[in-house]
Amino acid sequence: MITVCLLRRHLTAYLTCQQPYLTVDMRAKASDIKITQYLNKNAGDAESTLNVLNVLEELLSSGTDRRIHYMISQGGSESLLNALVKNGSRFIPNYTILLPILYLVAKVGHKDCGIGKKAEEAGAILLILNLLKNNIQHARRAEACLLVIQVFATSVSTAKLIASNQGLDIIYNLIPNYTTKNLQTIKASINAFAALLSSVDNISSAVSKGYVSGLLLLYEEWHSKDTKHSAIDILQALLNCFHKIVRSAVGRDTFVSQGGIRLLYHTTQTCSLNICQGLLVESSVQLMRWCLPKTPLPLRSDQSVYCFPLPRRHHLLDVVASDDTSGEIAGDKMEKDYQEAQSKDYDDDLETDLKKLCLRPPLDRPKDLLPQYSRLCPELSHDFLEQLELSSQGRSPSSSSSDDETEKCNNLSLHSFRRGEKSAVFSKTENGTSGQTKSAASLFKAKDFYSHTGILNSSAEVGTKARETRKEAKSGLTNDQQNNKSEGNGKSYNSTMIDSLIDIHGVDIPYHEPRTYHAAATKTKSVPGFTTLAFPDFWGQVPSPENEPMAPRKLNIQRQKVLEDIQRFLKTDTINKVVFDLEDDSLQFPPDKPDSLRFFSSFECGNLRKAIQVRRYEYDLILNADANCSQHTQWFYFEVSNMVPDVPYRFNIINCEKSNSQFNYGMQPVLYSVQDALNGKPQWLRTGTEICYFRNYFCPVRGSQKTTFYTLTFTITFKYKEDVCYLAYHYPYTYSALRAHLNLLHRSVASSKVFFRQQIICPTLSGNSCPVVTITACPPSKCDKDLHQLGKRPCIVLTSRVHPGESNASWVMKGTLEFLCSNDPIAQALRETFVFKIIPMLNPDGVINGMNRCDLSREDLNRQWCKPDPILCPTIYHTKGFLYYLNSIGRAPLVFCDYHGHSRKKNVFLYGCSVKETLWQSGSTVENAGLKEDPGYRTIAKALDRIAPAFSFNSCNYMVEKSRSATARIVVWKELGVLRSYTMESTYNGFDQGIYKGLQINTRELEEMGMKFCHSLLSLTIDTKALYGKSLINHMNLGQNILDHKSHNSFEDDEPPCVEEIEYSTESPGLKGDDLELDINRCMANIDAEGSTKRQMSGEIGGYYQTFTTVKSPTPSPDNAGVH
């Protein structure tokens, strides 16, 4: 006699002797096959069959899924189904054998995707239904049949077949009212019923028979009576049924009409906080989110409020103006293409064609057009001899262009109008004394700077719409002097009042002066014709002196916010009052109302289309799409006032588009308080609590109903009663701020040492100038050697802000510009080594009009570099032409870097280009062992890893992606052969490594990153040791141990999944694929545990198919009581 264990051991030993080359796992698999073959041959021998089943169960339980899949591949499923049919078809089935067969069929079939079809072919479908009907009063047998039905129903056709044979009705009637008996069998009944609902036809049948309302009543009863939480599995199984039902439109409508959402909402309110009930709540919330009716955004049209007539496309714009649908379809297509590129498998997106990677495309324009860009190299034509003569005579030389912008700052007059009514605070009589003026200025309050008061209004003459001035702008390149001609002479600020205001409330902000900013803003052309300046942009800002840690995420905060949103659907106590609408002039300057906030966004970079008061202290906010389209809503920047202090206000931005956000990982929006600014603290501060970002139930007004919107929700408690505050996605940086900054930089440089020239590369579509700056060192002497050295300096080309919503890129560029113009020894060394060509804002029109990604042409400019349109994409066309020109005269950039912002990752990092790394990552079979590639593309990243605490070397990559083949980085690398062609990405959020770990990024760190990038360029000099030379390190202002900063292996490259599910689906979060397998294993374990006698066997293994005999059969255990 030998036991079952000995049987398995002897069989394995036999296989080892016969086939010694097999591995242990292979021998185990072979054992499975031999046993299933024996099972088919000796199905009539009950005792032997039972023992074989026990051996098979042990083999499958102790192995991995690979063993089961191997058995399936060798016909194991068919063998078990045949055994089931043979044993189950008997007049009086032997359930001692049949139960193990049922469990094994369920266990193996659960892993077999074709089990339904195989069961149909074997005739097992009707058999299992008959077995179920005959064993309704036997709980264990019924449970085994239900587990098998659940497995069979994974096939839609099989589920239909079972339902057509009354399977749906039989199983539904097995689900009882509340009881404490046979819970496992009841759970199996509900799960089997849910499995049959994989078919839409079955769902329709269940709806027509009233089963939905019946299940809802059962859920309500079980939930109310289960006070000891012993039936959590039953409730979860019922929720799984609901999840299956609402997959179809008819099921969802029936569920909602029968009060399903209301029932689930009320049951979630009574759940305690224990883990088990937490799963019920999460499953219920997901179900309610799915069932909430799709609600169109409360807008007149999905199209942006801003519509700009494009050259060559008047016929297209006429269609857009008359029929929103066409514009939305075009916008949907562009967004679909973008989303497809984002969702591609990363390896599939990599370019693997070696020819495309290595061959340089031809020029996209005739060569004879390139000489026009020679004027953008003023350092080559400047008369430095005359300049040196003037310097030697003690006279002030000028090595930079100048415009009359700064001179006009002194001719500004102060306006203070509220819809034509003079403000008493700012009025000044002819006989008014300076003392009276100062007294008036001392009365300045934050409430005086509501946008509707008109205090920061620009004059009528300069508040011109871009479309009225576009025809005046010349296409192509213009003379440098175009920037300085006739730029508005209307009424402006009173300089005396400005001086008084600055004397009373002003602070010293480096490279910012309010009058200079206003002078620049008066010449900025916007699509709607902005006439108001945002106070933070006018007044300026300084970084917060304190570190701002990432915001901790409150436990289950998303669930709380979603339940509050569901409450809107169930109740009628919401206000739903429009308090701001960009399309309604009457709501631009609404009268003071004590019961609601006041909003405003009609200023440069501003973006808020509509504000709806939902509850007393809650507002839904809708962002404006990019001009001329209906897509790309993420950036926001608006004014809010009339708040009640110390009261939490909830803001919901309900039409965000990205599927995830750093707001789920500790990021906060930024807030600027006018009252704090007047108190000497002009700072953008991270603010907000209870922040989360999740998919909502809104859809477009027209067009594709498949468009998905997300809600960013946050709560803010304001400090002051009559404050005026500004909220933004990130630290704003306007086009006017850039122009003012460049003028202040020009005034700050020592012209005898620094060559600083600001020019216009071209006008934009709306007539704004796109500046290009040249920075280098003036030659120290008149000798030919110094003058010749200037002409041989390699070029560094830096660009930024091609995507208008990436304001962090402008702050990095600000740091770069200020450092290169400084007296720092490293800056001086860089100027003496390189010529810097900087285009700090490639998309002025997008920035001005508060757009997120596109230009007025409705195009993503960073996808236009292959063949940019000279009319629709002038800044890209002429920037690329300028790069072509530099290459044609032998001055191709040594480094090209395009500054960007990244919304999905933390830290700062580089994207570059490498043929070898791309081929290696893609797993390409192309032989690249002999392919030579200069590894210098990694030099700057390695240097930054040493010196920049914000920089993450691990996040850098050098892959060439197909979806990004038209970006600046790849085009400059491929077409101009620039080895070091980069995109530098800066986080909106903060850092998860180094000395800044756990902190949110501030403008201070962004500007520091711009400076550190300049430091890294020293690694490209002939003497690379200069990067770590003591004389320069002393000037790098490095903290202790920062020089040894390493980002390697310090963090994971991508964010982990959000702690709460951002999306919603019909899949029940409480049910996993392993639940069925656990139930099967539990049932099989019960059979072994309840055997009162050990199973014994005798005989010898004498041949390949030797007969197994058992001396004593096990005593079958009695079945449990009935289900009901």
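The structure presented is a predicted model; accordingly, all values stated were derived computationally and were not measured. Just so you know, the residues in each chain are numbered from 1, in the order the chain's sequence is written. Residues qualify for local features only when their pLDDT is at least 70, as the model is predicted, and side-chain atom pairs are given and counted only at 80 or more; totals for whole chains, interfaces and linings, by contrast, use all residues. Heavy atoms from the whole structure form the basis of all side-chain values; hydrogens and water molecules are not counted.

**Student:** I'd love a proper account of the overall build of the chain, names of residues and values included.
**Tutor:** Only DSSP runs of H or I covering at least 4 residues are called helices, and only runs of E covering at least 2 are called strands; the numbering of each starts at the N terminus. Along the chain, the regular secondary structure elements total 43 helices and 25 strands. Contacts: residue pairs with any heavy atoms within 4.5 Å of one another. In the chain, once contacts between residues fewer than 6 apart in sequence are set aside, the share between residues at least 24 apart is 80%. The Shrake-Rupley method, run with a 1.4 Å probe, gives the accessible areas here. Residue values count only the displayed protein chains as cover. For the chain, the exposed area adds up to about 44600 Å²; of that, 51% sits on carbon and sulfur atoms.

**Student:** Account for the pairing of strand 23 (residues 980–987), with residues named and values stated.
**Tutor:** Extensive coverage of strand 23 is indicated by the burial of eight of its eight residues. Burial status follows relative accessibility: with a 1.4 Å probe on protein chains alone, a residue under 20% of its type maximum counts as buried, one over 50% as exposed, and anything between as partly exposed. Alternating residues of strand 23 divide into Arg980, Tyr982, Met984 and Ser986 and Ser981, Thr983, Glu985 and Thr987, and every residue in both groups is buried. As paired elements, strand 21 (residues 895–902) and strand 23 share eight bridges and run parallel to each other. Bridge pairing in strand 23 links Phe896 to Ser981. Only strands that DSSP links by at least two bridges are regarded as paired with each other. Pairing analysis gives four bridges linking strand 22 (residues 908–911) to strand 23, with the strands arranged antiparallel.

**Student:** Can you break down the packing of aromatic side chains residue by residue, with the values?
**Tutor:** Here is the rule: rings of Phe, Tyr and Trp (six-membered ring for Trp) pair when centre to centre is within 6.5 Å. Planes less than 30 degrees apart are stacked, more than 60 are edge-to-face, and the remainder are tilted. Considering all chains together, one arrives at 40 aromatic pairs under this definition. Consider the rings of Phe603 and Tyr726, whose centres lie 5.8 Å apart with planes at 65°: the pair is edge-to-face. With Phe603 in the loop between strand 6 (598–600) and strand 7 (610–615) and Tyr726 in strand 16 (residues 724–728), the pair connects residues that are 123 residues apart, well separated along the chain. According to the relative accessible area criterion, Phe603 is buried, its value standing at 0%. Its end group placed over the ring of Tyr95, Arg141 keeps NZ or CZ at 3.9 Å from the ring centre. Taking the ring centre of Tyr877 as reference, the NZ or CZ of Arg365 above it sits at 3.8 Å. Note on criteria: charge over ring means Lys NZ or Arg CZ within 6 Å of the ring centre, with the direction from the centre no more than 35 degrees off the ring normal.

**Student:** Can you tell me about the confidence of the model for the chain, naming the residues and giving the values?
**Tutor:** Residue-level confidence of the predictor is summarised by pLDDT, bounded by 0 at the bottom and 100 at the top. On average, residues of the chain score 81 in pLDDT, and 74% of them are at 70 or above. Confidence drops under a pLDDT of 50 for residues 1–7, and excluding neighbours within four residues, the segment shows 23 contacts in the predicted structure. Below a pLDDT of 50 lies the segment residues 1048–1053, which in the model reaches 17 contacts outside its immediate sequence neighbourhood of four places, other chains included.

**Student:** Describe helix 8 (residues 124–134), and please don't skip the residues or the numbers.
**Tutor:** Restricting attention to buried positions, one finds in helix 8 the residues Ala124, Ile125, Leu127, Ile128, Leu129, Leu131 and Leu132. Next to the buried residues of helix 8 lie helix 5 (76–88), helix 6 (95–109), helix 7 (115–122), helix 9 (139–152), helix 10 (156–164) and helix 11 (167–173).

**Student:** Explain the pattern of salt bridges to me, and be specific about the residues and the numbers.
**Tutor:** Any Lys or Arg side-chain nitrogen found within 4 Å of a carboxyl oxygen on Asp or Glu counts as a salt bridge. Enumeration according to the criterion identifies 34 salt bridges in this entry. One salt bridge in this structure joins Arg515 and Glu513, with 2.9 Å as the shortest N-O distance. This pair shows no difference in class: Arg515 is buried, exactly as Glu513 is. The partner of Lys719 in a salt bridge is Asp676, with the nearest N and O atoms 3.2 Å apart. Of this pair, Lys719 sits in the loop between strand 15 (710–717) and strand 16 while Asp676 sits in helix 31 (residues 674–678), and the two are 43 residues apart along the sequence. Classification of Asp676 as buried rests on a relative accessible area of 11%. Within this structure, Glu564, Asp565, Arg568, Arg615, Glu618, Asp620 and Arg650 form a network of salt bridges that share partners.

**Student:** Now, about the sheet that holds strand 6: what can you tell me, with residues and values included?
**Tutor:** The five strands are arranged 6-9-16-11-12 in an open sheet whose pairing can be described as antiparallel. Lying at the two open borders of the sheet, with one neighbouring strand each, are strand 6 and strand 12 (684–686). Pairwise comparison of adjacent strand axes, ignoring direction, gives a mean angle of 30° for this sheet. Axes here refer to lines fitted to C-alpha atoms; in helices the fit is confined to the stretch in contact. Angles between the N-to-C directions go from 0 to 180 degrees.

**Student:** An account of unusual backbone geometry is requested, with residue identities and associated values reported.
**Tutor:** Phi is positive for Cys605, which is not a glycine, with a value near 75°. When you line up the elements, Cys605 lands in the loop between strand 6 and strand 7. Of note in this structure, His632 is not a glycine but carries a positive phi near 70°. Accessibility expressed as a relative area gives 6% for His632, which makes it buried.

**Student:** Quick rundown of the side chain of Arg568? Include the residues and the values.
**Tutor:** Following the sequence through the fold, Arg568 ends up in helix 30 (residues 557–570). By relative accessible area, Arg568 is classed as buried at 15%. Within the local environment of Arg568, its side chain forms a polar contact with the side chain of Asp620, the two groups lying 2.6 Å apart. Setting aside residues up to four positions removed in sequence, Arg568 forms contacts with Thr574, Val614, Arg615, Glu618, Asp620, Asn652 and Tyr697. Each polar contact in these results corresponds to two N or O atoms within 3.5 Å; when the atoms are within protein, one needs to be able to donate a hydrogen and the other to accept it, and residues that are neighboring in sequence are counted only if both atoms are side-chain atoms.

**Student:** Account for the packing of helix 5 against helix 6, with residues named and values stated.
**Tutor:** The N-to-C vectors of helix 5 and helix 6 enclose an angle of 150°; their axes lie 10 Å apart at closest approach. Taken together, helix 5 and helix 6 sit at an angle that is classed as roughly antiparallel. When you trace helix 5 past helix 6, the crossing you get is left-handed. Between helix 5 and helix 6, the contacting residues are Ser77, Leu80, Leu81, Ala83, Leu84, Asn87 and Gly88 on the first element and Ile97, Leu98, Ile101, Leu102, Leu104, Val105 and Val108 on the second. The scheme is simple: roughly parallel for angles under 35 degrees, roughly antiparallel for over 145, roughly perpendicular for 65 to 115, oblique for anything else. Left-handed describes a crossing whose near helix is turned anticlockwise from the far helix through less than a right angle; right-handed describes the clockwise counterpart.

**Student:** Tell me about the sheet that holds strand 20 (residues 835–839), residues and numbers included.
**Tutor:** Across the sheet, seven strands lie side by side as 17-18-20-19-21-23-22; this open sheet has mixed pairing. The open sheet has two edge strands with one neighbour each: strand 17 (754–763) and strand 22. Across the sheet, the mean angle separating the axes of adjacent strands is 20° when strand polarity is ignored. Sheet analysis places strand 19 (residues 795–800) next to strand 21, joined by five bridges and oriented parallel.

**Student:** Outline helix 35 (residues 825–833), supporting the account with residue identities and numerical values.
**Tutor:** Three or more residues of helix 35 are buried, namely Ile826, Ala827, Ala829, Leu830 and Arg831. If you check the start of helix 35, you find a side-chain oxygen 2.8 Å away from the backbone N of Ile826, and it comes from Asp824.

**Student:** Summarise the nonpolar core; cite the residues concerned and give the values.
**Tutor:** Generally speaking, soluble globular proteins have nonpolar side chains that are buried together. Residues enter a nonpolar core if they are buried and are Ala, Val, Leu, Ile, Met, Phe, Trp, Tyr or Cys, with the set joined through side-chain atoms within 4.5 Å. Among the nonpolar cores identified, the biggest contains 164 residues, and Phe599 and Phe651 are the most heavily contacted of them. Beyond its immediate chain neighbours, meaning those up to four positions away, Phe599 contacts Val579, Phe580, Gln588, Leu608, Ala611, Tyr619, Leu621, Phe638, Glu639, Val640 and Phe651. The next biggest cluster of nonpolar side chains, apart from the first, holds 113 residues, and it includes Ile115, Ile175, Tyr219 and Phe709.

**Student:** So what's going on with the environment of Leu1018? Residues and values would help.
**Tutor:** In this structure, Leu1018 sits in the loop between helix 41 (1003–1016) and helix 42 (1030–1033). Residue classification places Leu1018 among the buried residues on the basis of a relative accessible area of 2%.

**Student:** Break down the packing of helix 9 against helix 12 (residues 183–196) for me, with residues and values.
**Tutor:** The interhelical angle for the contact between helix 9 and helix 12, taken along N-to-C directions, is 25°, at an axis separation of 9 Å. Regarding the angle of helix 9 to helix 12, the classification is roughly parallel. In this structure, helix 9 crosses over helix 12, and the sense of that crossing is left-handed. Together, Ala139, Ala142, Glu143, Leu146, Ile149 and Gln150 of helix 9 and Gln184, Thr185, Ala188, Ser189, Asn191, Ala192, Ala195 and Leu196 of helix 12 make up the contact between the two elements.

**Student:** Describe the state of the cysteines, with residues and values.
**Tutor:** The term disulfide is used for any two cysteine sulfur atoms that are within 2.5 Å. Taken as a whole, this structure holds zero disulfides when the rule is applied. As a non-bridged cysteine, Cys821 has Cys1014 as the owner of its nearest cysteine sulfur, 9.9 Å distant.

**Student:** With reference to specific residues and values, describe the environment of His878.
**Tutor:** By the secondary structure assignment, His878 is in helix 37 (residues 874–888). Residue classification places His878 among the buried positions, given a relative accessible area of 4%. As a C-alpha pair, His878 and Cys762 span 116 residues in sequence and 7.1 Å in three-dimensional space. At 3.0 Å, the side chain of His878 forms a polar contact with the side chain of Tyr373.

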